[in-house]
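Spelled out, the chains give:
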Amino acid sequence: MKLYHNYLFLFGFFYYLVCPIVVQYFGLLEEFPAMKLFYESTLTGDLLIRYLLMSLCLLITFYAGSYSALFFRRNKLNKLLILEKEKNVKSYPSVKIWFLLPIFLINQYLIISHRSILFTGYTFDYPVDFLGKIATLNSLYLFLFLYTRMIPDKKKGLLTFLLIENSLVLIGMGSRMFVLIPVVAFLVYLVDRGKIKIRKLLFVSIICILFFVVVGVFRVGRSEIVSDVFLYIGLSEPLLTWLTASSFVENNPSIHLIDYPGNFIGTFLNFIPSFLFPNKADFIPSIPYEYDSPFGATSILTSLYGNFGILIAPLVMFVGGFLLTVIRYKKNIFFQIYYYCCCGIIPFLLFRDMQSANKLLFTGFLLFPAIAIYCHFLKYEYLGNKNCTYPK
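Residues numbered from 1 in each chain as written. Predicted model: local features only at pLDDT ≥ 70, side-chain atom pairs only at ≥ 80, totals over all residues. Heavy atoms only, no water.

1. Focus: helix α7 (residues 156–172)
Helix length check: α7, at 17 residues, gives a terminal C-alpha distance of 24 Å against a target of 24 Å (1.5 Å per residue), a fit within 8%. Residues of α7 that are buried include every one of L159, L162, L163, E165, N166, S167, V169, L170, I171 and G172, and no others. Directly after α7, the chain includes G174, whose backbone phi takes a positive value near 85°. (Helix = DSSP H or I, 4+ residues; strand = E, 2+ residues; numbered from the N terminus. Expected span 1.5 Å × (residues − 1). Buried < 20%, exposed > 50% of the residue type's maximum accessible area, 1.4 Å probe, protein only.)

Structure, rendered in structure tokens:
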């Protein structure tokens, strides 16, 4: 059984933490927007060595946790980590229209009520609350979409429409990262289930990459399609996100061994709906270190070391890798889908916005789908369906 999260984490590591160093070393893309700011934050000498050591420590501990879970499974808790073989998928209830219809209507109301700001990208001061709701609904659609494909269920057509609709809205608002989540998760599902060959996967991946690059070309207002433009659009995301990591290393020569993760814990307030707690952002403390974040994103290196300190940050990565492998070996449909969704977060969102990744991991991909699925099981039990199989 392949551990796809390891491959995706390695990709994210090179894309967000290694590529910026390579670009600076060869002096690439200097004439493009914001690159002057990028080159003003160059790490050299001891600072570069310190940055590389901190980055490698995260990579090594993540892999150590991931593979140690395999050893643990094989030798000590085999019965707990490998459940009984998956039962007949037909015993799982389909997604009912009575559940989807209210969500569909809410989704359309949100889009129609904000129609004046659709497809405005970053040129308009759009409400963050609207973007958050659309992204959260999209995460629920992704989970249910994969669920309907594994049962199978005829409702997958409606969920496909909702997933594409919200993805287009997110692209139009400049949020490509949230659209890449369902793309990556679905591709992992297809590969894991043997529904797509590697050659076809590479072709689809290239098409997806070219699509997002072209979207980026139009966003920066460049009409000419040349290699440098493609390279800039493809790398601008990790390069500009890297500014938070380089400034963090440069401005903080001394980082505590252990820190209280007030910012990380505070992000759990994001689980509360905005209409119940509209000013929740005011209660989330900032990372207690000096660093620059001119474009909003925050590198995984800054988020982890700034929250937990030198000793605990690698431990967090170890636990993360360990848990992902444990989830990978769950034979239950619910956890299999949850694993695919987690894979969708790893290569991009995790490395540039741990607050959003944290919210999706615990609410969009876990709490909300669990409520939805168990509502269906309770409905089945109430109707006396003895063949209904509860997810465990």
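From this point, the discussion proceeds with the structure in view.
2. Some words on empty space enclosed by the protein
Counted under the stated rule, the structure contains two cavities of 30 Å³ or more. Looking at the second largest cavity, its volume works out to about 70 Å³. In this structure, the second largest cavity is lined by A135, N138, S139, L142, L163, L170, F178, I181, P182, L360 and F365. Elements that contribute at least two residues to the lining of the second largest cavity include exactly α6 (128–150), α7, α8 (176–192) and α15 (354–382). Looking at the lining of the second largest cavity element by element, the count peaks at four residues for α6. (1 Å grid on protein atoms, 1.4 Å probe; cavity = no way out; pocket = protein on both sides within 12 Å on 5 of 7 lines; lining within 4 Å. Points joined across faces, edges and corners; volume = space filled by probe spheres on them.)

3. Regarding the state of the cysteines
Per the counting criterion, the structure on display carries zero disulfides. The thiol sulfur of C342 is not disulfide-bonded, and the nearest other cysteine sulfur, from C343, lies at 7.1 Å. (Disulfide = S-S within 2.5 Å.)

4. Some thoughts on the pattern of salt bridges
Across all of its chains, the model carries two salt bridges by this definition. A salt bridge links R328 to D192; its shortest N-O distance comes to 2.6 Å. Taken together, the residues R328 in helix α12 (residues 300–328) and D192 in helix α8 connect sequence positions 136 residues apart. When its relative accessible area of 24% is taken as the criterion, D192 is described as partly exposed. Of the charged contacts in the structure, one is a salt bridge between R352 and E237, with a shortest N-O distance of 2.7 Å. Of this pair, R352 sits in helix α14 (residues 349–352) while E237 sits in helix α10 (residues 227–251), and the two are 115 residues apart along the sequence. The exposure class of R352 is buried, given its relative accessible area of 16%. (Salt bridge = Lys/Arg side-chain N within 4 Å of Asp/Glu carboxyl O.)

5. Re the confidence of the model for the chain
In this model, the chain carries an average pLDDT of 83, and 82% of its residues clear a pLDDT of 70 or more. Note on residues 75–87: pLDDT under 50 across the span, and 22 contacts to partners over four residues away in sequence or across chains. Below pLDDT 50 for its whole length, residues 380–392 participates in 26 contacts with residues either more than four positions away or in separate chains. (pLDDT = per-residue confidence, 0-100. Contact = heavy atoms within 4.5 Å.)

6. Brief notes about the side chain of T325
Mapping T325 onto the fold places it in helix α12. On the basis of relative accessibility, which here comes to 2%, the residue T325 falls in the buried class. With sequence-adjacent residues up to four places away left out, T325 is seen in contact with L3, H5, S66, A69 and L70.

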